[in-house]
Amino acid sequence: MSFLGSTIGVEVVRKVIQPLDHLFYQASGGQILFLDFFIPTLMLTTTGARSGEPRTVPLVYLRDGERIVLIASNYGSTKHPAWYHNLKANPACQVHIAGRTTTYRARQVEGEERDHLWKRAVALYAGYASYQNNTDGRVIPIMVLE
């Protein structure tokens, strides 16, 4: 298991690196995300499901052709992450990668498509398998941005 997938690594990412990523991102004019030095990371802007306000969060991602794949692991929590609920309520979103912003529409994948993308996600970051084991039965959703 990599450091990022370990219990300590998860807490470091959640409590230190993610908050720092907002600062790096703003200070660099949208060019730098600290976590991106370790694993592909983007900034996702959604519309709040309840608030209607824009919400931006750094997330690990993988590419599938022109599509972007996001894993709603929430670090193995028993609850889905807020950004997942936002995309379910308002599928239009923006993705910021290396200073470039692109608009996408999100959809949740199921069945064979989900299984295929899950295997690719675990190959990218083995911590996802640990997260799935910690969810108390919650199936971690996968969102595809097209």
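Preceding block: the structure.
Residues numbered from 1 in each chain as written. Predicted model: local features only at pLDDT ≥ 70, side-chain atom pairs only at ≥ 80, totals over all residues. Heavy atoms only, no water.

> Help me understand the overall build of the protein, please; the structure alone is not making it clear to me.
Each helix and strand counted, the protein has 4 helices and 7 strands in total. Tracing the protein from N to C terminus, the helices and strands come up as α-β-β-β-β-α-β-β-α-α-β. Counting only residues that meet the buried cut, the protein has 46% of its 146 residues in that class. For the protein, restricting intrachain contacts to residue pairs at least 6 apart in sequence, the fraction spanning at least 24 positions comes to 62%. On the protein, roughly 7,800 Å² of surface is accessible, and the fraction owed to carbon and sulfur atoms is 54%. (Helix = DSSP H or I, 4+ residues; strand = E, 2+ residues; numbered from the N terminus. Buried < 20%, exposed > 50% of the residue type's maximum accessible area, 1.4 Å probe, protein only. Contact = heavy atoms within 4.5 Å. Areas by Shrake-Rupley, 256 points an atom, 1.4 Å probe, with all protein chains shown as cover.)

> What am I meant to see in the pattern of salt bridges here?
Counting across every chain of the model gives 6 salt bridges. Measuring nitrogen to oxygen at the nearest pair gives 3.5 Å for the salt bridge that ties arginine 67 to glutamate 146. Taken together, the positions of arginine 67 in strand E4 (residues 67-71) and glutamate 146 in the segment after strand E7 (142-145) put the pair 79 residues apart, joining distant regions of the chain. Given the relative accessible area of 16%, arginine 67 is considered buried. Given a relative accessible area of 45%, glutamate 146 falls into the partly exposed group. Here glutamate 146 makes a salt bridge to arginine 107, at a shortest N to O gap of 2.9 Å. (Salt bridge = Lys/Arg side-chain N within 4 Å of Asp/Glu carboxyl O.)

> How should I be thinking about unusual backbone geometry in this particular structure?
Peptide bonds are mostly trans, and most non-glycine residues show a negative phi. With a phi angle near 50°, asparagine 74 is a residue other than glycine that sits in the positive phi range. Mapping asparagine 74 onto the fold places it in the loop between E4 and helix H2 (82-89). For asparagine 74, a relative accessible area of 24% puts it in the partly exposed group. With a phi angle near 55°, aspartate 136 is a residue other than glycine that sits in the positive phi range. Structurally, aspartate 136 can be placed in the loop between helix H4 (127-134) and E7. Its relative accessible area of 70% is what places aspartate 136 among the exposed residues.

> Explain the nonpolar core here, please?
If you look at soluble globular proteins, the nonpolar side chains tend to sit buried side by side. Ranked by internal contacts, the top residues of the largest apolar core, which has 18 residues, are Leu42, Leu44, Ile68, Leu70, Trp83 and Leu145. Of all the secondary structure elements, the ones that give two or more residues to this core are strand E1 (41-47), strand E2 (54-60), E4, H2, strand E5 (92-97), strand E6 (100-108) and E7. Once residues lying within four places of it in the same chain are set aside, the contact partners of leucine 145 are Leu44, Arg67, Ile68, Leu70, Leu87, Cys93, Val95, Tyr104, Arg105 and Ala106. Of all hydrophobic cores here, the second largest spans 16 residues; its members include Ala121, Tyr131, Ile140 and Ile142. (Core = buried A, V, L, I, M, F, W, Y, C linked by side-chain atoms within 4.5 Å.)

> I'm lost on the pairing of E4 in this one. Help?
When a strand is regular, its side chains alternate between the sheet's two faces. E4 sits mainly inside the fold: 5 of its 5 residues count as buried. Alternating residues of E4 divide into Arg67, Val69 and Ile71 and Ile68 and Leu70, and every residue in both groups is buried. Relative to E4, strand E3 (residues 62-64) runs antiparallel, the two being bridged by 3 bridges. Bridging across to E4, aspartate 64 finds its partner in arginine 67. In sequence, E3 turns back onto E4 through a hairpin of 2 residues, with glycine 65 there showing a positive phi of about 65°. Pairing geometry for E4 and E7, over 4 bridges, is antiparallel. (Pairing = 2+ DSSP bridges.)

Structural measurements only, silent on function.
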